[in-house]
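# Topology and contacts: notes
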Amino acid sequence: DANFIEKEVELAKEGFTISKTNSRSMLGNMNAISENTKHRCSTYRSYEAIDFDHIEDSFMDWLVSDKTRPYYLKRVGDYWKEKGLI
C-alpha cells in the first residue's frame, strides 16, 4: 500500500528506526512470530499458495507488553493504529 510506505518514510525522517535490541522480551516475541510463520507456511501445499496477507493480519491480534495500560497488554494492531500506519 502506497500510503503505508509514505508514512514509514515520514517516520524514518522523524527519527524512528529499526535497530538491534538487547531486550530478551522483544527477541522472544520476534522468535515466536518467526516460528509461527514457519509453521503456518508449512501447512500450504506450495509457496505460491501461501496467503501472506492472512498470516500477517493474524499477528495484528497478538498481545504485547505495554506498561502504560491496564494488565500491561496491548494488541499489535493497536500499536500501529496509534502510529497512524493502519
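The paragraphs below set out a description of the structure included in this document. (Residues numbered from 1 in each chain as written. Predicted model: local features only at pLDDT ≥ 70, side-chain atom pairs only at ≥ 80, totals over all residues. Heavy atoms only, no water.)

## Some remarks on the overall build of the chain
Which entries qualify depends on this criterion: Numbering of helices and strands runs from the N terminus; a helix is a DSSP stretch of H or I covering at least four residues, while a strand is a stretch of E covering at least two. Computation of the radius of gyration draws on C-alpha atoms alone. For the globule rule, the value is 2.2 Å times the number of residues to the power 0.38. Throughout this description, buried means an accessible area under 20% of the type-specific maximum (1.4 Å probe, protein chains only), exposed means over 50%, and partly exposed covers the range between. We call two residues in contact when some of their heavy atoms are within 4.5 Å. Here the open area of atoms and residues is found with the Shrake-Rupley method and a 1.4 Å probe, where only the protein chains shown may cover a residue.
Along the backbone of the chain there are 4 helices and 2 strands. Listed N to C, the secondary structure of the chain is α-α-α-β-β-α in terms of helices and strands. Since a compact globule built from 86 residues should have a radius of gyration of about 12 Å, the 15 Å found for the chain marks it as more spread out than a globular shape. In terms of its C-alpha atoms, the chain occupies a principal-axis envelope of roughly 40 × 35 × 25 Å. Residue burial in the chain is summarised as follows: out of 86 residues, 12% are buried. For the chain, the proportion of contacts with a sequence separation of at least 24, taken over those separated by at least 6, is 25%. Per element, the accessible surface of the chain, about 7,400 Å² overall, is 55% carbon and sulfur.

## Digging into the environment of Asp-78
Filter applied, for reference: Nitrogen and oxygen atoms within 3.5 Å of one another constitute a polar contact, given that in protein one can donate a hydrogen and the other can accept it, and given that sequence-neighbouring residues count only through two side-chain atoms.
Relative to the elements of secondary structure, Asp-78 occurs in helix 4 (residues 76–82). Here the alpha-carbon distance between Asp-78 and Lys-20, two residues 58 residues apart in the chain, equals 23 Å. Within the structure, Asp-78 has its side chain in polar contact with the side chain of Arg-75 (distance 3.0 Å).

## Overview of the pattern of salt bridges
Applied cut-off: A pair is scored as a salt bridge if a Lys or Arg side-chain nitrogen falls within 4 Å of a carboxyl oxygen belonging to Asp or Glu.
Under the criterion given, the structure shown has 5 salt bridges. The salt bridge partner of Asp-61 is Arg-75, with a shortest N-O separation of 2.7 Å. Of this pair, Asp-61 sits in the loop between helix 3 (52–58) and strand 1 (63–65) while Arg-75 sits in strand 2 (residues 73–75); the two residues are 14 residues apart in sequence, bridging distant segments of the chain. Since its relative accessible area comes to 28%, Arg-75 is described here as partly exposed. Across the pair Asp-78 and Arg-75 runs a salt bridge whose closest N-O atoms are separated by 3.0 Å. What you see here is one network of salt bridges that share partners, running through Asp-61, Arg-75 and Asp-78.

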